[in-house]
Amino acid sequence: MKFIKLVSMTLLVMLMLSACGVSVSDWFATSPNQPTASTSSQPGIPPKKVQPTPSAVKTKTTPPQIDAGLSKIKHIIIIMQENRSFDSYFGTFPGADGIPMKDGKPTVCVNDPTTNTCVYPYHDPNDVNFGGPHAAKAAVDDVNGGKMDGFIAESYASRKTVCLNPNAPACTALTNKKDDVMGYHDDHEIPNYWAYAKSFVLQDRMFEPNASWSLPEHLFMVSAWSAHCTNSNDPMSCQNALDNPDPGALTKARNNTPEFAWTDLTYLLFQNNISWAYYLGEGAEPDCADGEITCSPMPQKVQVPGIWNPLPNFTTVHQDNQLGNIVPVEKFYDAAKNGTLPAVAWIVPNSKVSEHPPALVSAGQSYVTSLINAAMQGPEWDSTAIFLTWDDWGGFYDHVVPPTVDENGYGLRVPAMVISPYARQGYIDHQTLSFDAYLKFIEDIFLGGQRLDPKTDGRPDPRPSVRENVSILGDLRNDFDFNQTPLKPLILPAR
């Protein structure tokens, strides 16, 4: 009798569900008596996963949390310093892919051709360094087919070719001083840099985008390419230039005539009404047009094209009437204080504070600290991401073989950090990165993922690849946690 009543009740429920347009299978799939996606009966034991029925699976309608949090970033600041390899600054940083060690002693060494001895990396407490040559040839010779053992030989060879005047100050120093390309610094010399790395994100696989010297790196920083153009009005007249994107154009009469015709990021920013500024430390630029280690310094001014200031030479900047966006670095401090930072900011030093040998390491650290302090103490810190890096390796030793992306590189590793309220605290990012990742991040946040792609950007040029899209390139979004309690400012003394 009970069985007959149960069957009758079941049939009644089925008839009612059918009348309401609900299938029996759907009702069972959503029944509160069905197992949930995860259950656990004992505290401390991970819940057992139970596969839901197909009709209960919901389509994901919201993007991953990391993407949802990107809207919190309103200001991106790229601080570019000069001429240091990753191992020369963070080769002994705990947890990073630094100088190979065993029992606290380096296990790698580089041959010194003058003594035929193998020189191990060593702690260098000196505030003045000299480094070595850092043009494309030096990059090839330093890497030496993956052996990473050409640094000392290249340094000595450069002395012979550039120090034709033995009385020149730089040459005298080089002649009288022991080669220092194998030296490294730690928190004794660069305590603020190590403090930022411990408190925010350190990237130990940031490679310069181009296996060459300063001018190509600064071009990649704003355009993802280095080229030589025969017609300033025709982007298709530009041809790939690994080492020599016409530096002569930067040192001629400088009559404010553009030379670089290919498409740079400011073109896309202008098209999308995104504000930007290039803050330049006026003074001098010590880097040499041939990538060598000594030359007569050239003046550096905001409206004058230069090795560290290439934007005045871009056709797009002239056509968009945005030369006025290139301003002295003093205006950055004002913008940070007043809450008027642009969406995208590049900050480039002069020779004195650049850390480019023979500039003082301490002077560069003090200058960078003042920039970061200004951003942190301003009203827009809670919506800011700072990317700190160095443009090339400066001839200093690094043990990691650069990956091959296209005919331009990558080049050798350089130090790099992410500093933001949303940076993952104390995190070491092991992704493969280059300065192309900065462009990609900017494009993702402000341009809806638009790229410097000749097929889509409206100004076709013959660049060999769309560097933001290469498969090996990591994603800077992984360095952020938008769910964490925002990190407080880390105000450090500018020593």
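Our structure's up above, just so we're on the same page.
Residues numbered from 1 in each chain as written. Predicted model: local features only at pLDDT ≥ 70, side-chain atom pairs only at ≥ 80, totals over all residues. Heavy atoms only, no water.

## Brief notes about the environment of isoleucine 491
Move 1: For isoleucine 491, the position within the fold is in the segment after α15 (436–446).
Move 2: On the basis of relative accessibility, which here comes to 40%, the residue isoleucine 491 falls in the partly exposed class.
Move 3: Through-space distance from the C-alpha of isoleucine 491 to that of alanine 375 is 10.0 Å; in sequence the pair is 116 residues apart. (Helix = DSSP H or I, 4+ residues; strand = E, 2+ residues; numbered from the N terminus. Buried < 20%, exposed > 50% of the residue type's maximum accessible area, 1.4 Å probe, protein only.)

## Focus: the packing of helix α8 (residues 191–199) against helix α14 (residues 361–377)
Move 1: At their nearest, the axes of α8 and α14 sit 9 Å apart, and the two run at 45° to each other. Judged by the angle between their axes, α8 and α14 are oblique. The residues of α14 that touch α8, namely those facing Pro191, Asn192, Tyr193 and Tyr196, are Gly364, Gln365, Val368, Thr369, Ile372 and Asn373.
Move 2: Residue composition of the contact of α8 with α14, by class: five nonpolar, five polar and no charged. (Axes fitted to C-alpha atoms, helices over the stretch in contact; angles between N-to-C directions. Parallel < 35°, antiparallel > 145°, perpendicular 65-115°, else oblique. Contact = heavy atoms within 4.5 Å. Nonpolar A, V, L, I, M, F, W, Y, C, P; charged D, E, K, R; others polar.)

## Examining unusual backbone geometry
Move 1: Following proline 357, the chain continues into proline 358 via a peptide bond in cis, with omega recorded as 5°.
Move 2: Residue position: proline 358 is located in the loop between β18 (344–348) and α14.
Move 3: Omega for the bond connecting glycine 409 with tyrosine 410 falls within 30 degrees of zero, at 25°, which places this linkage in the cis form.
Move 4: Relative to the helices and strands, tyrosine 410 resides in the loop between β19 (384–390) and β20 (416–419).
Move 5: Its identity as a non-glycine residue notwithstanding, asparagine 83 has a phi of 60°, on the positive side.
Move 6: Within the secondary structure, asparagine 83 is located in the loop between β3 (75–81) and α4 (86–90).
Move 7: Owing to a relative accessible area of 1%, asparagine 83 belongs among the buried residues under this scheme.
Move 8: Its identity is not glycine, yet asparagine 116 carries a phi of approximately 55°, on the positive side.
Move 9: Locating asparagine 116 in the fold gives a position in the loop between β6 (110–112) and β7 (117–119).

## Considerations on the packing of aromatic side chains
For any pair of aromatic rings, the description rests on two quantities: the centre-to-centre distance and the angle between the ring planes.
Move 1: Inspection of every chain in the model, using the stated rule, returns 24 aromatic pairs.
Move 2: Look at phenylalanine 151 and tyrosine 397: their rings are 5.2 Å apart centre to centre, the planes differ by 75°, and that puts the pair in the edge-to-face class. Of this pair, phenylalanine 151 sits in helix α6 (residues 151–162) while tyrosine 397 sits in the loop between β19 and β20, and the two are 246 residues apart along the sequence. The exposure classification of phenylalanine 151 matches that of tyrosine 397, with both residues buried.
Move 3: With 6.5 Å between their ring centres and 80° between their planes, phenylalanine 387 and phenylalanine 480 make a pair best called edge-to-face. One end of the pair, phenylalanine 387, is in strand β19; the other, phenylalanine 480, is in the segment after α15, with 93 residues separating them in the sequence. Like phenylalanine 480, phenylalanine 387 is buried.
Move 4: Each residue in the set Phe387, Tyr422, Phe435, Tyr438, Phe441, Phe480 and Phe482 is aromatic and connected to the rest through ring pairs, giving one cluster.
Move 5: Taking NZ or CZ as reference, arginine 424 lies 3.8 Å from the ring centre of tyrosine 427, over its face.
Move 6: One residue, arginine 459, lies across the ring of tyrosine 267, its end atom 5.6 Å from the ring centre. (Phe/Tyr/Trp six-rings, centres within 6.5 Å; stacked < 30°, edge-to-face > 60°. Lys NZ or Arg CZ within 6 Å of the ring centre and 35° of its normal.)

## Side note on the nonpolar core
Move 1: Within the largest apolar cluster, 109 residues are counted, with the highest numbers of intra-cluster contacts made by Phe90, Tyr193, Tyr278, Phe332, Trp346 and Phe387.
Move 2: Among the elements that take part in this core, α14 stands out by supplying eight residues, more than any other.
Move 3: Ranked by size, the runner-up nonpolar core spans 15 residues in total, among them Val110, Tyr156, Tyr397 and Leu412. (Core = buried A, V, L, I, M, F, W, Y, C linked by side-chain atoms within 4.5 Å.)

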